[in-house]
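Listed below are the residues making up each chain.
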Amino acid sequence: MKNLLVAFLVLLPFGLAAETPEEKGLAIAEEADRRDQGWVDMQVTMSMILRNARGEENHREMRLKSLEVPEDGDKSIMVFDTPPNVQGTGLLTFSHKVGDDDQWLYLPALKRVKRIASKNKSGPFVGSEFAFEDLSSQEVEKYSYKYLRDESLNGLDCFVSERLPTDRYSGYTRQITWIDKEHYRVQKVDYYDRKDKLLKTLTFNNYQQYLGKFWRADSMMMVNHVNNKSTELLWKEYSFQTGLSDRDFNKNALQRTR
Amino acid sequence: MKLRLPGSLLALLLIAAPVSAEHSFEVLGSFLEPETARKEGSRFVAETGLEILLYETPVGERLQYRLLTSIPQDPVYVDQLEQRLAQAGLADTWTLRLPDELPFMETVFAELELVDVNTVAFAAPQGNYIVAGSFREPGRADALVERLSLLNPVSIVRVDVSGASYQRVLVGPVAADEEASVIARLVAQGIEGAWVLRSSEEVVPYVQENQDITPELRGLRMPGKPATPKAPTPVREYEGDYNPAKLKKKSTPFPTPGATSKSSSGEPGRWRTDIAPEFRIFNDPGLNDLDEFYPSVSIQTEYYKTWNGGSDIFAFVPFYRWDGQDEERTHFDIRELTWVHVSDDWELRTGIQKVFWGVTESQHLVDIVNQTDNVENPDGEEKLGQPMINLSLIRDWGVLDFYVLTGFRERNFPGEKGRPRLPLLVDDSEPVYESSAEQYRTDFAVRWTNYFGELEVGLSHFSGTSREPRFQADLRTDEPGIPGEAVLIPVYDVIDQTGFDAQYFVGDWAWKLEAITRSGQGDRFSAATFGFEKTFVGILGTRGDLGVVAEYLFDDRGEDAPVIGEDDVALGFRYTVNNPSDTTALLVWLYDVDSDEYLMTLEASSRIGASWKMILEASMFNGDPESELGFFQDEDFIKLEFIRYF
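Quick caveat, the model's predicted, so the values are computed rather than measured. (Residues numbered from 1 in each chain as written. Chains lettered and ligands numbered in written order. Predicted model: local features only at pLDDT ≥ 70, side-chain atom pairs only at ≥ 80, totals over all residues. Heavy atoms only, no water.)

Observations concerning the overall build of chain B
The following threshold applies: In this description a helix means any DSSP run of H or I spanning at least four residues, a strand means any run of E spanning at least two, and both kinds are numbered starting from the N terminus. Contacts: residue pairs with any heavy atoms within 4.5 Å of one another.
Of the regular secondary structure elements, chain B holds seven helices and 32 strands. Restricting to contacts in chain B with at least 6 residues of sequence separation, those with at least 24 account for 61%.

If you want it as structure tokens, here you go:
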């Protein structure tokens, strides 16, 4: 019944009467999700620039492959190229719409694949300001939503919504998202920690459209307001529909990618 | 909604343009000089976008050179052909029918420098492709792709005409009103003669999958950046439709950063080397009255190459260590020399390699394939390369690995000056084998692994020469009649070992179990390790994670067991600072419940700058000096290692 209602709401134009803020928030998230369906698979390289409060930089390079899984979360493999002490270290993730993600870490020196607890999602990802959960597949079902207001951000008309993580192991009480009305792209996220204090802000810059449909930001900047550190992710060489399949996303694949 | 498949098929027919059984050609012109014909033909190719053939035929007493283009069977395309010819100003053409056995014809290519065309932009319902050039040699198409520095995606498609194939460099798709500007930009880069490939239907650049096109040539590239193999982009209207089966292609390799792939033999190989000087300092000369300062250096190189779109992998990892004190520790090993072939649901790995089995942290009972590189580190974590053939089946019911282990690697032991070592020297010059084949015995192993939600399981069996030797005391005599020195001789039995391992998550607790039963080495015995690992994220308000490991180690041989963990408790603390230098520290406390003896080890590491890593290790043993392991009291050490990555 709830699903029917949701489906009905998605079909309705927004702003129609009798829509609660929660319904509208969910409808916005679902529309954003719907618009990003059909990319099939994706490969991209990522540079991570860690900056401390003094502006000193540290760089990491990694490669990411993802496979769209209809009706469930995506599969992905991330492999480090630099720095050399972590080169070849890989992370395989099967994300799920409902329930915990499955995650395996590959340690190349030991040739060991280790299943890791995906509950530890609130920890920093390789020393960056991104937590594991910030980089995981953002499935609609992982949050509950509430539309707050319309607001202009950098000249773009945006929906501003609040979303609450459904998993109690999340490091956040809530997040505020800015999603532009024209293309339903996330422009900005404010993260509030467990004490409900503003912890971090993530901004998405230079969105590019791929295959005439899918929008991906060239740059994602996470600023930590507490320690004044920041981490920037620069995404390069996006390619879609490259013919990846399940065989590229299992423990064997994790071991041979280096 | 449109029917997509017919659209693709039409486009395929349009581009591939198979020659009909009737062999009808439109003759665009006849010339007496072949060079004139080629020159004119090139112009026609550029102007019309058609495949044009040069046909040499005797007319009367002279040879004539005719420019032909094949006539499609489908009337729709005949109309298009006529339209194209008309637009190019080719009016007086006529139709020629040729017998079934086609004579030799030369394909005419557009010579870029010859062409000067005002390409007409056509209003097509979908975006069109701009053909920037057509080439017979793959290298030339590649070179042109490299030259293009447009924002539009660039792809190479292969087109077959009358058995000859060549490659077109396509830019696009480009909206109808942008075609002129794209062509202008091409001209600005000195690429003239570009033309618009147009159709009334969707155009899908069709790349023939079973042809010998390299992955690179299939690819889309963003010019000006390193060549990244990608598949061509089908031009579709993405209306949320999703059909992976239709898009399923052979997988392309992961783009390797910095690699400019040119050759047809896949990604270029990659070398990585690290050199690591280390210094060990012992607290005491010890029972054998040895030195306390042990300098050493190791070098390891990795060569890694993939080809066939990542379906074949070659890896070579030689390792060498020089030790300033222990000549037994100065050793060379091939850690890896392997060829891996990957298919959809199986993988074949042939050569020397290392495999790891199991889940626990304090000891690795189940892990049995590789011999321990004992001189490298007495903690048992370092392994020698094992020659093998390994077939891995990846199925819905899990991963099943079969191993044929061709040959046995002896365990190495510290020499007379080596530390830490047993009070008696191990003489591994003449080990005793149960198998008459000695170290040439072929061993077998099989392992199945799967996971069910939060449960991860593995079941394995090994049949072969034990990696772990027993020891026989012996007297080493250099000269007959003179009493020799007491030594230990390794004895390698043939064993059968069945192992089971499991890991289960309850919240953020990981519960772990490894159990084995082994026959062939005296009476059958069993051993197990079980415990948990839990990580405290952001401990005490810091960014760091504290992982706690607690495990119980059991062996039913009791005190007779030639291993440390017969009735022991291991407690480990791993602190990850989560800083940019990847600083971690691991403290392990191994406590023998029966004897009260304990071993404490610390390992801390941090990266320094971009290409150095420092590792600090310390080992301390506390036990009864009178006990069997009492000598180990004086083998406490600190190790400092600096790894330089190249």
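Considering the overall build of chain A
The line we're drawing: Working definition: with a 1.4 Å probe on protein chains only, accessible area under 20% of the residue-type maximum means buried, over 50% means exposed, and in between means partly exposed. To measure how exposed things are, a 1.4 Å probe is used in the Shrake-Rupley method; for residues, cover is taken only from the protein chains shown.
A tally of regular secondary structure across chain A gives four helices and 13 strands. Put simply, chain A has 258 residues, and 60% of those count as buried. In chain A, the share of contacts with a sequence separation of at least 24, taken over all contacts with a separation of at least 6, comes to 45%. By element, 53% of the accessible surface of chain A is carried by carbon and sulfur atoms, the whole surface being about 10,600 Å².

Looking at the pattern of salt bridges
Using the following cut-off: When a carboxyl oxygen of Asp or Glu is within 4 Å of a side-chain nitrogen of Lys or Arg, the pair counts as a salt bridge.
Under the counting rule described, the total for this entry stands at 61 salt bridges over all chains. The shortest N-O distance in the salt bridge between Asp 101 of chain A and Lys 142 of chain A comes to 3.1 Å. Residue Asp 101 of chain A is found in the loop between strand 4 (90–94) and strand 5 (102–107), and its partner Lys 142 of chain A is found in the loop between helix 3 (132–135) and strand 7 (143–153); the two are separated by 41 residues along the sequence. Residue Asp 101 of chain A is classed as buried on the basis of its relative accessible area, which comes to 12%. Between Asp 323 of chain B and Arg 280 of chain B there is a salt bridge, with the nearest N and O atoms lying 3.8 Å from each other. With Asp 323 of chain B in strand 13 (residues 312–323) and Arg 280 of chain B in strand 11 (residues 270–282), the pair connects residues that are 43 residues apart, well separated along the chain. Accessibility assignment for this pair places Asp 323 of chain B and Arg 280 of chain B in one class, buried. Salt bridges here are not isolated pairs; linked through shared partners, they connect Glu 278, Arg 280, Arg 321, Asp 323, Arg 329, Glu 376, Glu 617 and Lys 639 of chain B.

Points about the interface of chain B and chain A
Our working rule: In short, buried area is how much 1.4 Å probe accessible area vanishes from two parts on joining, totalled over both. Residues are grouped as follows: Ala, Val, Leu, Ile, Met, Phe, Trp, Tyr, Cys and Pro are nonpolar; Asp, Glu, Lys and Arg are charged; every other residue, Gly included, is polar.
Chain B puts 71 residues into the contact, and the matching count from chain A is 60 residues. Carbon and sulfur atoms make up 49% of the area that chain B and chain A hide from each other, which totals about 5,700 Å². Our count for the chain B to chain A interface comes out at 11 salt bridges. Salt-bridge contacts for Arg 115 of chain A lead to Glu 456 of chain B; the nearest nitrogen and oxygen are separated by 2.6 Å. When residues of the side of chain B that touches chain A are assigned to their parent elements, the largest contribution, three residues, is made by strand 26 (residues 522–537) of chain B. Residue composition of the side of chain B that touches chain A, grouped by class: 25 nonpolar, 18 polar and 28 charged.

Side note on the packing of aromatic side chains
Test applied: Ring pairs shown here join Phe, Tyr and Trp side chains whose ring centres sit within 6.5 Å, with only the six-membered ring taken for Trp; geometry is labelled stacked below 30 degrees between planes, edge-to-face above 60, and tilted in between. A ring has a charge above it when a Lys NZ or an Arg CZ is no more than 6 Å from the ring centre and no more than 35 degrees off the ring normal.
Under the counting rule described, the total for this entry stands at 33 aromatic pairs over all chains. Measuring from centroid to centroid gives 6.4 Å for Tyr 147 of chain A and Phe 159 of chain A, while their planes differ by 75°, and the two rings are edge-to-face. Of the two residues, Tyr 147 of chain A sits in strand 7 while Phe 159 of chain A sits in strand 8 (residues 156–165), which places them 12 residues apart along the sequence. Take Tyr 147 of chain A and Phe 159 of chain A: they sit in the same class, and that class is buried. The rings of Tyr 210, Phe 214, Trp 235, Tyr 238 and Phe 240 of chain A are connected pair by pair, giving a single aromatic cluster. One Lys or Arg, Lys 534 of chain B, reaches over the ring of Phe 536 of chain B and ends 4.9 Å from the middle of that ring. One cation-aromatic arrangement involves Arg 557 of chain B over Phe 525 of chain B; the distance from NZ or CZ to the ring centre is 3.3 Å.

Digging into the sheet that holds strand 5 (residues 106–108) of chain B
Residues and elements named next belong to chain B. Going by this rule: Pairing between two strands is assigned when DSSP locates at least 2 bridges connecting them. Angles run from 0 to 180 degrees between N-to-C directions of axes, and those axes are lines fitted to C-alpha atoms, restricted for helices to the stretch in contact.
Strand order in the open sheet formed by five strands is 4-1-3-2-5, with antiparallel pairing between adjacent strands. The two strands at the open ends of the sheet, each matched to only one other strand, are strand 4 (94–97) and strand 5. Each adjacent strand pair in this sheet contributes to an overall mean axis angle of 45°, direction not counted. Inspection of the sheet shows strand 1 (residues 24–31) paired to strand 4 by four bridges, in the antiparallel sense. Across the sheet, Val 27 pairs through a bridge with Trp 94, a residue of strand 4.

A short note on the nonpolar core
Short version of the rule: Within this scheme, the nonpolar core is defined by two criteria: the residues are buried Ala, Val, Leu, Ile, Met, Phe, Trp, Tyr or Cys, and they are joined through side-chain atoms within 4.5 Å.
Of all hydrophobic cores here, the largest spans 30 residues; its most connected members are Leu 202, Met 220 and Trp 235 of chain A. It is strand 1 (residues 41–51) of chain A that contributes the most residues to this core, five residues altogether. In this view, Leu 202 of chain A contacts Phe 130, Gln 187, Lys 188, Val 189, Tyr 191, Met 220, Met 221 and Met 222 of chain A; residues no more than four positions away in its chain are not counted. Among the nonpolar cores identified, the runner-up in size contains 17 residues, and Val 145, Ile 156, Val 174 and Val 196 of chain B belong to it.

Some details on unusual backbone geometry
Here the amide bond leading from Thr 82 of chain A into Pro 83 of chain A is cis, since omega sits at -5°, within 30 degrees of zero. Following the sequence through the fold, Pro 83 of chain A ends up in the loop between strand 3 (75–82) and strand 4. A cis amide bond links Arg 419 of chain B to the next residue, Pro 420 of chain B, at an omega of -10°. By the element assignment, Pro 420 of chain B lies in the loop between strand 17 (398–406) and strand 18 (425–426). For Glu 237 of chain A, which is not a glycine, the phi torsion comes out positive at approximately 55°. Within the fold, Glu 237 of chain A resides in strand 13 (residues 230–240). In the Ramachandran plot, Asp 582 of chain B falls in the positive-phi region, its phi being about 55° despite a non-glycine side chain. With respect to the helices and strands, the residue Asp 582 of chain B is situated in the loop between strand 28 (567–576) and strand 29 (584–592).

Examining the pairing of strand 12 (residues 214–224) of chain A
On any regular strand, side chains alternate: one points to one face of the sheet, the next to the other face. Residues and elements named next belong to chain A. Of all 11 residues that make up strand 12, eight are buried, and the element is covered over most of its length. Bridge analysis of strand 11 (residues 198–210) against strand 12 gives 10 bridges, and the strand direction is antiparallel. Note on strand 12: the bridge partner recorded for Thr 201 is Val 223. Linking two consecutive strands that pair antiparallel, namely strand 11 and strand 12, is a turn of three residues; a positive phi of about 55° is found at Leu 211 within it. In this structure, strand 12 lies alongside strand 13, joined through five bridges in antiparallel fashion. By the bridge assignment for strand 13, Val 223 is matched with Ser 230. Between the antiparallel neighbours strand 12 and strand 13 lie five residues, among them Asn 228 with a positive phi of about 60°.

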